[in-house]
Structure formats: C-alpha cells, structure tokens
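# Structural features, examined
Here is how the chains run, residue by residue.
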Amino acid sequence: MQPLADVADLRRLTGAAWADESAAAAALAAASGQVRTYCGWAITAESNVTAVVDSDGGRVVTIPCLHVTAVHSVTAGGSPVTDHEWSASGVLFRRAGWPAGMRAVSVVYSGGHTDTPPELIAVVCGLASRLTVPAGVASWSVGAQTVTYNSEAAPGLATVEQAVLDRYRIYGS
C-alpha cells in the first residue's frame with residue numbers, strides 16, 4: 001500500500017532536507033501505517049476489498065471504510081443479498097435484517113479517497129519528521145551542541161494530530 005504522503009510533500013511541509021531519500025520514504029511508510037492503524041481503514045482508494053463483518057441480527061452492519069464508492073456484492077449466510085442499501089460512510093441497511101452471528105456478512109466494495117486529504121498529508125509528514133529524532137528531542141544542532149526537549153516531539157501522534165485524525169477514524173476498530 002502506498003504511503004499517504006511522498007518525499008516531495010515531506011520536504012515542502014517540514015522544510016527538512018533529507019540526505020537519504022530512502023530513509024525519508026521509510027519514515028513516510030511508517031507514519032502512514034501509524035495513521036492507518038489509528039484510523040482503522042486504508043483511507044486511500046482500494047478496489048474490490050472483501051470485508052467480513054459480524055452482525056447482531058439488526059438491520060444495519062458496517063464495513064471498515066468511511067468513504068465507500070461502490071458495493072459490488074454482499075452475501076449473508078453464504079447466500080447473495082441484493083435487497084440492501086448502502087451509504088458512503090460504510091453503513092449497509094437491510095429492511096429484512098441481517099442474520100446474527102460472527103462473520104455473518106461478507107461485502108465486496110471499493111472505497112477510499114483518490115487523493116489523500118491535505119490535512120492527513122500534514123499529519124503524516126509531521127509524524128515522519130519526528131521518527132528520526134530521539135524521543136523527547138524537539139530540535140538539535142551540531143555546532144555548539146544545542147538540544148531542545150519537548151514532550152510533544154515524541155514519535156507517537158501528538159494530541160493535535162489525533163484531533164485531525166479523529167474525523168477519519170472508525171471507532172471500535
């Protein structure tokens with residue numbers, strides 16, 4: 001899966017010059033993975049993804065995608081289901097209800113954003129830029145050996161970044 005941002009985005013948004021482009025790409029891949037894990041879905045466009053979901057026997061099941069563009073097929077209990085409706089937010093509604101059970105419904109769908117939203121690119125680049133700095137170090141310089149510490153500079157997601165990502169997060173995933 002492609003990172004949510006590229007090396008050009010990283011240079012543009014952080015102003016940092018990465019001597020090793022492969023290290024920058026690796027940091028972007030790691031940061032993208034952290035963002036996707038936090039959000040609970042791929043975020044970028046995917047085609048013909050199969051999701052197998054649990055059902056409590058109600059009229060609604062959800063698939064792990066907050067930007068569904070197509071639902072290709074649905075099966076429940078091994079039988080095809082065509083009497084359903086779906087929303088872009090990953091909700092599938094069936095008036096007759098879904099069968100109850102673990103892994104009761106299988107959905108083949110396409111979804112995700114064609115272009116990564118700009119605020120996600122910024123989060124990924126910020127996180128990637130911190131992955132190569134020792135935890136707690138906000139900045140350092142070699143001449144005169146200056147080191148500045150900041151708890152928000154740790155490699156994990158900062159509170160402000162989590163607030164941005166919460167808009168794209170699937171809770172309970």
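What you see is a predicted model; the values in this text were computed from it and never measured. (Residues numbered from 1 in each chain as written. Predicted model: local features only at pLDDT ≥ 70, side-chain atom pairs only at ≥ 80, totals over all residues. Heavy atoms only, no water.)

### Remarks on the overall build of the protein chain
Check the secondary structure of the protein chain and you find four helices and nine strands. When the elements of the protein chain are put in sequence order from the N terminus, they spell out α-α-β-β-β-β-β-β-β-α-β-β-α. Evaluated residue by residue, the protein chain yields a buried proportion of 38% over its 173 residues. A separation of at least 24 residues holds for 71% of the contacts in the protein chain among residues at least 6 apart in sequence. (Helix = DSSP H or I, 4+ residues; strand = E, 2+ residues; numbered from the N terminus. Buried < 20%, exposed > 50% of the residue type's maximum accessible area, 1.4 Å probe, protein only. Contact = heavy atoms within 4.5 Å.)

### Re the packing of helix 1 (residues 7-14) against helix 3 (residues 118-131)
Where helix 1 contacts helix 3, the two axes come as close as 9 Å, and the packing angle between them is 80 degrees. On the basis of the axis angle, helix 1 is roughly perpendicular to helix 3. Contacts between helix 1 and helix 3 involve Asp9, Leu10, Leu13 and Thr14 on the former and, on the latter, Ile121, Ala122, Cys125, Ala128 and Ser129. Of the residues belonging to the contact of helix 1 with helix 3, the class tally is six nonpolar, two polar and one charged. (Axes fitted to C-alpha atoms, helices over the stretch in contact; angles between N-to-C directions. Parallel < 35°, antiparallel > 145°, perpendicular 65-115°, else oblique. Nonpolar A, V, L, I, M, F, W, Y, C, P; charged D, E, K, R; others polar.)

### With respect to the packing of aromatic side chains
A full pass over the atoms with the stated rule returns zero aromatic pairs. Here the guanidinium or amino end of Arg94 rests over the ring plane of Trp98, the centre of that ring lying 5.5 Å away. Over the aromatic face of Tyr38 sits the side chain of Arg169, whose NZ or CZ is 4.0 Å from the ring centroid. (Phe/Tyr/Trp six-rings, centres within 6.5 Å; stacked < 30°, edge-to-face > 60°. Lys NZ or Arg CZ within 6 Å of the ring centre and 35° of its normal.)

### Some thoughts on helix 3
Its 14 residues give helix 3 an end-to-end C-alpha distance of 20 Å, which sits within 8% of 20 Å, the value for a rise of 1.5 Å per residue. Listed in full, the buried residues belonging to helix 3 are Leu120, Ile121, Val123, Val124, Cys125, Gly126, Leu127, Ala128 and Arg130. (Expected span 1.5 Å × (residues − 1).)

### Let's talk about the environment of Cys125
Its location among the elements puts Cys125 in helix 3. For Cys125 and Ala24, which are 101 residues apart along the polypeptide, the C-alpha to C-alpha distance reads 9.7 Å. Beyond its immediate stretch of four places on either side in the chain, Cys125 contacts Ala5, Asp9, Leu10, Leu13, Thr14 and Leu28.

### Points about the sheet that holds strand 4 (residues 79-80)
Here four strands make up an open sheet; going across it, the order is 1-7-3-4 and the pairing antiparallel. The strands lining the two open edges of the sheet, one partner per strand, are strand 1 (46-55) and strand 4. Pairing of strand 3 (residues 68-76) with strand 7 (residues 101-111) involves seven bridges; the strand directions are antiparallel. Residue pairing for strand 7: Thr75 is matched across the bridge by Ser106. (Pairing = 2+ DSSP bridges.)

### Some details on the environment of Pro80
The residue Pro80 is located in strand 4 in this model. Owing to a relative accessible area of 68%, Pro80 belongs among the exposed residues under this scheme. Between the C-alpha atom of Pro80 and that of Val107, which follows or precedes it by 27 residues, the distance is 10.0 Å. Not counting residues within four places of it along the chain, the set of residues in contact with Pro80 comprises Val74 and Thr75.

### Brief notes about the pattern of salt bridges
Scanning all chains against the criterion turns up five salt bridges. Among the ionic pairs, Asp9 bridges to Arg12, the shortest N-O distance being 2.8 Å. Placement of both Asp9 and Arg12 in helix 1 is noted, with a separation of three residues, approximately one turn of the helix. The buried category is assigned to Asp9, whose relative accessible area is 12%. The class of Arg12 is exposed, set by a relative accessible area of 56%. The shortest N-O distance in the salt bridge between Arg94 and Asp83 comes to 2.8 Å. (Salt bridge = Lys/Arg side-chain N within 4 Å of Asp/Glu carboxyl O.)

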